[in-house]
Amino acid sequence: SFTHKISRGGVDKETKNIFQRIEGMEAVEDVDREWENLVKEVEGKFGEADEGGTGENESEEEDTADGRGADAAPPGEFSDVASETGIHADLSIENDPTEGDCFVGFDLGTSGARMSIVEKTPSSSDGDPPAYNEVFTASLAWDDIMRYDDAYAWRAAVDMLMLRASVSGKEDVLSRVKSMCVSGTSATCLLVKKNTLDISREARMYNYDIASSSAATNDGKTLKSKGAKAGKHADTPAERVLQLINTFVPEKHTARANTGSLAKLLLWNEESPIVDDAGETQEVLCHQSDYISLSLMHEGDDEGEETCVVASDWHNCLKLGYDVQSLCYPAWMNALLKEGANIPDPESVLPSKVVSPGEPMGFISPVVAAKYGVPGDVVLVGGTTDSNAAFFAAAGARPEYGTAVTSLGSTLAMKQLSKTFVEDASRGVYSHRFPRFGDENDADEGEEAWLIGGASKVGCAVLRQEGFTNEALSELSAQIDPESDSPLSYYPLIKKGERFPAADSSKEPILDPKPDDRKDYLHAILQGIGDVERDGFRILGELGATPERPTVVLSCGGGAKNDMWIAMRERRLREICNEGQNVVVKRALNTEASYGAALLAAASFE
């Protein structure tokens, strides 16, 4: 039962009473008998439900130059988002909503939780990839009660979103759900007691840096990560962890990050051993999306059975150190945990099963199925991270090699689908293994695919810093010719330091000289950001991306609304294309991570 855990998450009394009512429904007939009264109570709390969307989400980045949501739901409340089109925007076929299979995606993001339900619709012609229509979406925002770093609040949020769908006239949709998928923030993790879902150490979030944590201080001084060298005496838990990482983890490996899940696991072990005096493992690492998926599969298990085994996926385990090329935990990781961290059975503290995102992991709990009116054979599939889920949302689950997504938010992030593995941790470049879906006769299914990417500190945040309002951006952009070059060469950082395309901690912002005309100033800034994007894709090619250049770049974030800038960026990107190559830049139709997770849930059923 999660009722007492939900109360720990701080859910208000009225909502808690609703959950307790649901928890009391032990059989389907009980649900049917009580449902009408329950619906009235929930509608009284949350108001009338909208019908939900039929395609593209209205992004929470609406009306912000830096990509942060201005229209997010108020704390603890829901927002139903009407949508216009699906990934296949040209699809206009009417379809009886009772005919299509449905798939659910959850995203636990930095600002809140969101749920999307997509329905499979007929493809416009034979041979076309499956098309999906978003028939429901809802979100809630984290607040001081529903905290973003509280695992019980994560689970309560999923319950509240499912309940919202249940009382929004979507009973028929829920009855046709085939599978569910969960995305979470990268490297957000916690420890659970072995073979259970009981939390033993509270979550450490995606941005938890062991070098600046309380475990890194000594006499009030914060540890500098480069100071923990092999052979140097380590005085603090964090310093000991950094020494272990420097000793055992290969150079330029993604798992060397101070914010990675490996660093967090090692720090927990330094603070209090994960194994008991007899060397028996007592706790297991569990990522955010793992925890929610497992709770949906195991809620209602008899206490004391201890049958819950932690399973995870390629994407969430990348920063843990999992070898996504060989699909196993590497030898250096075994040595690190056994010799460095004194854990006799290293794999016993790690997820026991690591699957492809989208790969079936298990069936939904009968308790959860009865609670929300979904079939008992709903499958939970391997999850993903929020940024990768956004790529699925923009590009679909079966994109062509060379498909790229650029996020034009407060910073600039680029991802490209490649046939080859690329990695350079010193520049923040790493490769997520990309799942390939198909039947036995599909040639692509056996091929490797890699989602490679990097992130620059340049981005749209500089526009706010320089005083450009939304109105000014729109008005001035209309006056700029995207085919013309600005004579100014800017590098529009907001503060010193760059990581990608070139790692340079001393890199200074370049925003001078400033022209008198604000239009010319904006032109130079947008061109500067576009040049960083161009150079980023060039660097990915030099590091080994295949194809060497992107063929299509889907744009998301606040900056993707600027048609002039899209045209300018396309022209700049063509500068790095070889003869006969071309690149098309366009706006992504959907970038909501929950929508991407729903498409990933559907992919194994295609």
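Keep in mind that this is a model prediction, so the values were computed, not measured.

1. Side note on the overall build of the chain
Line of reasoning, step 1. Counting secondary structure elements, the chain contains 17 helices and 21 strands.
Line of reasoning, step 2. By the burial criterion, 56% of the 606 residues in the chain qualify as buried.
Line of reasoning, step 3. Long-range contacts, defined as pairs at least 24 residues apart, comprise 72% of the intrachain contacts of the chain with a sequence gap of at least 6.
Line of reasoning, step 4. Accessible surface for the chain amounts to roughly 24,600 Å². Of this, 45% is attributable to carbon and sulfur atoms.

2. Here's the deal with the environment of L191
Line of reasoning, step 1. Mapped onto the secondary structure, L191 falls in strand β6 (residues 189-193).
Line of reasoning, step 2. The sequence separation of L191 and H287 amounts to 96 residues, and the corresponding C-alpha distance is 8.5 Å.
Line of reasoning, step 3. Excluding anything up to four places from it in sequence, L191 contacts D198, I199, S200, R201, L265, W268, I274, E283, V284 and L285.

3. As for the sheet that holds strand β19 (residues 450-456)
As a general point, the strands of a sheet are linked pairwise by backbone hydrogen bonds and lie either parallel or antiparallel.
Line of reasoning, step 1. Read across the sheet, 6 strands follow the order β18-β19-β17-β16-β20-β21 without closing on themselves; strand pairing throughout is mixed. The open sheet has two edge strands with one neighbour each: β18 (430-433) and β21 (584-587). In this sheet, adjacent strand axes meet at a mean angle of 25° when their direction is disregarded.
Line of reasoning, step 2. In this sheet, β19 lies alongside β18 in antiparallel orientation, the contact comprising 4 bridges. In the sheet register, S431 faces β19, and the bridge partner there is I452.
Line of reasoning, step 3. The strands that helix α12 (residues 386-395) touches are β16 (403-408), β17 (412-418), β18, β19 and β20 (552-556); relative to β16, the one it contacts most, it runs at about 120°.
Line of reasoning, step 4. Across the sheet, helix α15 (residues 518-542) is in contact with β16, β17, β19 and β20; its angle to β17 comes to roughly 30°.

4. Overview of the packing of helix α7 (residues 261-271) against helix α10 (residues 331-340)
Each pair of packed helices gets described by two things: the angle between the helix axes and the distance between those axes.
Line of reasoning, step 1. Where α7 contacts α10, the two axes come as close as 12 Å, and the packing angle between them is 20°. Of the possible angle classes, the one that applies to α7 and α10 is roughly parallel. Crossing angle aside, the handedness with which α7 passes α10 is right-handed. In contact with L262, L265 and L266 of α7, α10 contributes W332, M333, L336 and L337.

5. So, the pattern of salt bridges
Line of reasoning, step 1. Under the definition given, this model contains 30 salt bridges.
Line of reasoning, step 2. Here R256 makes a salt bridge to E251, at a shortest N to O gap of 3.9 Å.
Line of reasoning, step 3. On the basis of relative accessible area, E251 is assigned to the exposed category, the value being 65%.
Line of reasoning, step 4. One salt bridge connects E548 with R549, and the closest N-O pair in it is separated by 3.9 Å.
Line of reasoning, step 5. With relative accessibility at 35%, the residue E548 sits in the partly exposed group.
Line of reasoning, step 6. For R549, a relative accessible area of 10% translates into the label buried.
Line of reasoning, step 7. Members of the salt-bridge network, linked through shared partners, are D485, D531, R534, D535, R538, E542, R571, R572 and E575.

6. Remarks on the packing of aromatic side chains
Line of reasoning, step 1. Under the definition given, this model contains 9 aromatic pairs.
Line of reasoning, step 2. Taking 5.6 Å as the distance between ring centres and 55° as the angle between the ring planes, the aromatic pair formed by F103 and F605 counts as tilted. Note that F103 is positioned in strand β2 (residues 102-108) and F605 in the segment after α17 (593-603), a separation of 502 residues in sequence.
Line of reasoning, step 3. On the accessibility criterion, F103 (1% relative accessible area) is buried.
Line of reasoning, step 4. Measuring from ring centre to ring centre gives 6.4 Å for W154 and Y291, while their planes differ by 75°; the resulting arrangement is edge-to-face. Of this pair, W154 sits in helix α4 (residues 151-166) while Y291 is found in helix α8 (residues 288-298), placing the two residues 137 residues apart along the sequence.

7. Focus on the packing of α15 against helix α16 (residues 563-574)
Line of reasoning, step 1. Between α15 and α16, whose axes approach to 9 Å, the crossing angle comes to 45°. With respect to α16, the element α15 is oriented oblique. Relative to α16, the crossing made by α15 is right-handed. Between α15 and α16, the contacting residues are H523, L526, Q527, I529, G530, D531, E533, R534 and F537 on the first element and M564, W565, M568, R569, R572 and L573 on the second.
Line of reasoning, step 2. For the contact of α15 with α16, a count of residues per class yields 7 nonpolar, 3 polar and 5 charged.

8. Some points on the sheet that holds β6
Line of reasoning, step 1. Spatially, the 3 strands line up as an open sheet ordered β7-β6-β10, and their pairing is antiparallel. Two strands in the sheet have a free side with no partner beyond their single neighbour: β7 (199-204) and β10 (283-287). If you compare each strand with its neighbour and ignore which way they point, the axes differ by 20° on average.
Line of reasoning, step 2. Sheet topology places β6 next to β7; 3 bridges connect them, and they run antiparallel. Its bridge partner being in β7, L191 is matched across the sheet by R201.
Line of reasoning, step 3. Along the sheet face, α8 touches β6, β7 and β10 and points at about 100° away from the line of β10.

9. Section: the side chain of R176
Line of reasoning, step 1. Mapped onto the secondary structure, R176 falls in the loop between α5 (171-174) and β5 (177-184).
Line of reasoning, step 2. On the accessibility criterion, R176 (12% relative accessible area) is buried.
Line of reasoning, step 3. Engagement of the side chain of R176 in a polar contact is seen with the side chain of E119, the distance being 3.0 Å.

10. Side note on unusual backbone geometry
Line of reasoning, step 1. Of note, the bond from F500 into P501 is cis; its omega dihedral lies within 30 degrees of zero at 10°.
Line of reasoning, step 2. Within the secondary structure, P501 sits in the loop between α14 (470-477) and α15.
Line of reasoning, step 3. In this structure, P513 follows D512 across a cis peptide bond, with omega equal to -5°.
Line of reasoning, step 4. Counting through the fold element by element, P513 comes out in the loop between α14 and α15.

About the criteria used
The numbering scheme is per chain: residues are counted from 1 as the chain's sequence reads. Predicted model: local features are reported for residues with pLDDT of at least 70 only, side-chain atom pairs are reported and counted for 80 or more only, and whole-chain, interface and lining totals are derived from all residues. Derived side-chain values reflect all non-hydrogen atoms in the structure, with water molecules and hydrogen atoms excluded from consideration. Strands are runs of DSSP state E lasting at least two residues, helices are runs of H or I lasting at least four, and both sets are numbered from the N terminus onward. Only protein chains enter the area calculation, which uses a 1.4 Å probe; residues under 20% of their type maximum are buried, those over 50% are exposed, and those in between are partly exposed. We call two residues in contact when some of their heavy atoms are within 4.5 Å. Using a 1.4 Å probe, the Shrake-Rupley method yields the accessible areas, and only the shown protein chains count as cover for residues. A pair of strands is labelled paired if DSSP reports no fewer than 2 bridges between them. Lines fitted to C-alpha atoms define the axes here, with helix axes fitted over just the stretch in contact, and angles between the N-to-C directions of these axes take values from 0 to 180 degrees. An angle below 35 degrees is treated as roughly parallel, one above 145 as roughly antiparallel, one from 65 to 115 as roughly perpendicular, and anything else as oblique. When the near helix sits turned anticlockwise from the far one by under a right angle, the crossing is termed left-handed; a clockwise turn instead gives a right-handed crossing. Salt-bridge detection follows one rule: a side-chain nitrogen of Lys or Arg within 4 Å of a carboxyl oxygen of Asp or Glu. Ring pairs shown here join Phe, Tyr and Trp side chains whose ring centres sit within 6.5 Å, with only the six-membered ring taken for Trp; geometry is labelled stacked below 30 degrees between planes, edge-to-face above 60, and tilted in between. Basically, the charged four are Asp, Glu, Lys and Arg, the nonpolar ten are Ala, Val, Leu, Ile, Met, Phe, Trp, Tyr, Cys and Pro, and anything else, Gly included, counts as polar. Any pair of nitrogen or oxygen atoms within 3.5 Å is treated as a polar contact; in protein, a donor-acceptor pairing is required on top of that, and neighbouring residues in sequence qualify only through side-chain atoms on both sides.

Don't take any of this as a statement about function, it's just geometry.
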